[in-house]
Amino acid sequence: MTAQLIDGKVVSEKVRNGVAAAVSRLPGKPCLAVVLVGDDAASAIYVKSKGEKTEAAGMRSITRRYPASASQAEIEAELKALSADPEVDGILLQLPLPKGLDEASALACIDPMKDVDGLTELSAGRLVLGKPGLRPCTPTGCVIMAKYALGDDLAGRHVVVIGRSILVGKPVSLLFLAENCTVTMAHSKTKNLEALCRTADILVPAVGRPEMVRGSWIKPGAVVIDVGINRLPAPEKGLDDKGNVKTRVVGDAHFAECAEVASWITPVPGGVGLMTVACLLRNTVLAACARRGWTVPAELDT
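Residues numbered from 1 in each chain as written. Predicted model: local features only at pLDDT ≥ 70, side-chain atom pairs only at ≥ 80, totals over all residues. Heavy atoms only, no water.

1. Focus on the packing of helix α2 (residues 41–56) against helix α10 (residues 273–292)
(1) Moving on: Closest axis-to-axis distance for the α2/α10 pair is 10 Å, and the angle between their directions is 50 degrees. On the basis of the axis angle, α2 is oblique to α10. Viewed along their axes, α2 and α10 form a crossing whose handedness is right-handed. Here Y46, K50, K53 and T54 of α2 come into contact with α10, specifically with T276, V277, L280 and L281.
(2) Moving on: In terms of residue class, the contact of α2 with α10 is built from 4 nonpolar, 2 polar and 2 charged. (Axes fitted to C-alpha atoms, helices over the stretch in contact; angles between N-to-C directions. Helix = DSSP H or I, 4+ residues; strand = E, 2+ residues; numbered from the N terminus. Parallel < 35°, antiparallel > 145°, perpendicular 65-115°, else oblique. Left-handed = near helix turned anticlockwise from the far one by under 90°. Contact = heavy atoms within 4.5 Å. Nonpolar A, V, L, I, M, F, W, Y, C, P; charged D, E, K, R; others polar.)

This is the structure:
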């Protein structure tokens, strides 16, 4: 491997340390509230981790749990109550919701000033218009990792984003554009995708297709920020407790091949995924400062 690793553990720890230092200078403790609906095991583990890291950063954590049988009205009432609670600075609705619940309708109940996941329509509109607001966590993490590799000035870099989802593709394109990059958004209908990717100084695959991006797609010296998290069968690992073939986690880029050509690359796992919670904590502090009129500590300029 010739590429250097953009280690998510290292970069996310840097962000979390900055958050903790910022919190220590504030006149009060920001509070993050998470709403979890249903009994999805992965979501429960994720929410627990968020709570632990929130408290580790010196903030307050609240978790509201509802069964999968909870009604739309119950969930929306909770989100409205948290939005009205002056002690709560950030609200996160853990997605996906159980079948039968309307995610868009529920998200619309969150006060945009407390929308630390940056998913409300007003947050998205502010991003498009270049106005101040809370930005989506995973896309923000991608930009931070690119700066870790290339320095704070990304102006003029050609960024190719593969994927146009509202969760990653579109917002990360806008965030890189705000850094004065030249951005190309590719998708399933893009022609000559491989050739287009070879023009990228920064390549951001975010399509959910395991190891789609091969080494031949990479411009020598480019930076690869791999957002994909996919599972492939791993017969060499044997069987799990249920007799199924175990799996391994891979990104949207073929790591071994791309690492031979790129200058920097994020691993999967251990890359972009670790940045999401770190940026969530950062957003919670930014939300608290905006709501309460506190000065934003310099430590958040990560």
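2. Focus: unusual backbone geometry
(1) Moving on: Looking along the chain, the bond that leaves L95 and enters P96 is cis, with omega of 5 degrees.
(2) Moving on: Its location among the elements puts P96 in the loop between β4 (90–93) and α4 (103–107).
(3) Moving on: In the segment running from V268 into P269, the intervening peptide bond is cis, with an omega of 0 degrees.
(4) Moving on: Structurally, the position occupied by P269 is in the loop between β11 (264–265) and α10.
(5) Moving on: One non-glycine residue, N180, lies in positive phi territory at about 70 degrees.
(6) Moving on: For N192, which is not glycine, the phi dihedral falls at a positive 55 degrees.
(7) Moving on: Within the fold, N192 resides in the loop between β6 (182–186) and α8 (193–197).
(8) Moving on: For N192, a relative accessible area of 63% gives the class exposed. (Buried < 20%, exposed > 50% of the residue type's maximum accessible area, 1.4 Å probe, protein only.)

3. Considerations on the side chain of T276
(1) Moving on: Considering the arrangement of structural elements, one finds T276 in helix α10.
(2) Moving on: Engagement of the side chain of T276 in a polar contact is seen with the side chain of T138, the distance being 2.9 Å.
(3) Moving on: If we skip the residues at most four places from it in the chain, T276 touches Y46, C137 and T138. (Polar contact = N/O pair within 3.5 Å; in protein donor to acceptor, adjacent residues only side chain to side chain.)

4. A short note on the sheet that holds β6
(1) Moving on: The strand order across the open sheet built from 6 strands is β1-β11-β8-β7-β5-β6, with neighbouring strands paired in parallel fashion. Of all strands in the sheet, those bounded by a partner on one side alone are β1 (4–5) and β6.
(2) Moving on: In terms of strand pairing, strand β5 (residues 158–162) meets strand β7 (residues 202–205) through 4 bridges, oriented parallel. Paired with V159 across the strands is I202, a residue of β7.
(3) Moving on: Against the sheet, helix α7 (residues 169–178) touches β5, β6 and β7, its axis set at about 170 degrees to β6. (Pairing = 2+ DSSP bridges.)

5. Focus on empty space enclosed by the protein
(1) Moving on: Applying the stated rule across the entire model yields 1 cavity of 30 Å³ or more.
(2) Moving on: Within this model, the largest cavity holds a volume of roughly 30 Å³.
(3) Moving on: Lining the largest cavity, in full, are I91, L92, L93, L107, I110, D115, D117 and L119.
(4) Moving on: Ranked by residue count, the leading element in the lining of the largest cavity is β4, at 3 residues.
(5) Moving on: Considered class by class, the residues forming the lining of the largest cavity number 6 nonpolar, no polar and 2 charged. (1 Å grid on protein atoms, 1.4 Å probe; cavity = no way out; pocket = protein on both sides within 12 Å on 5 of 7 lines; lining within 4 Å. Points joined across faces, edges and corners; volume = space filled by probe spheres on them.)

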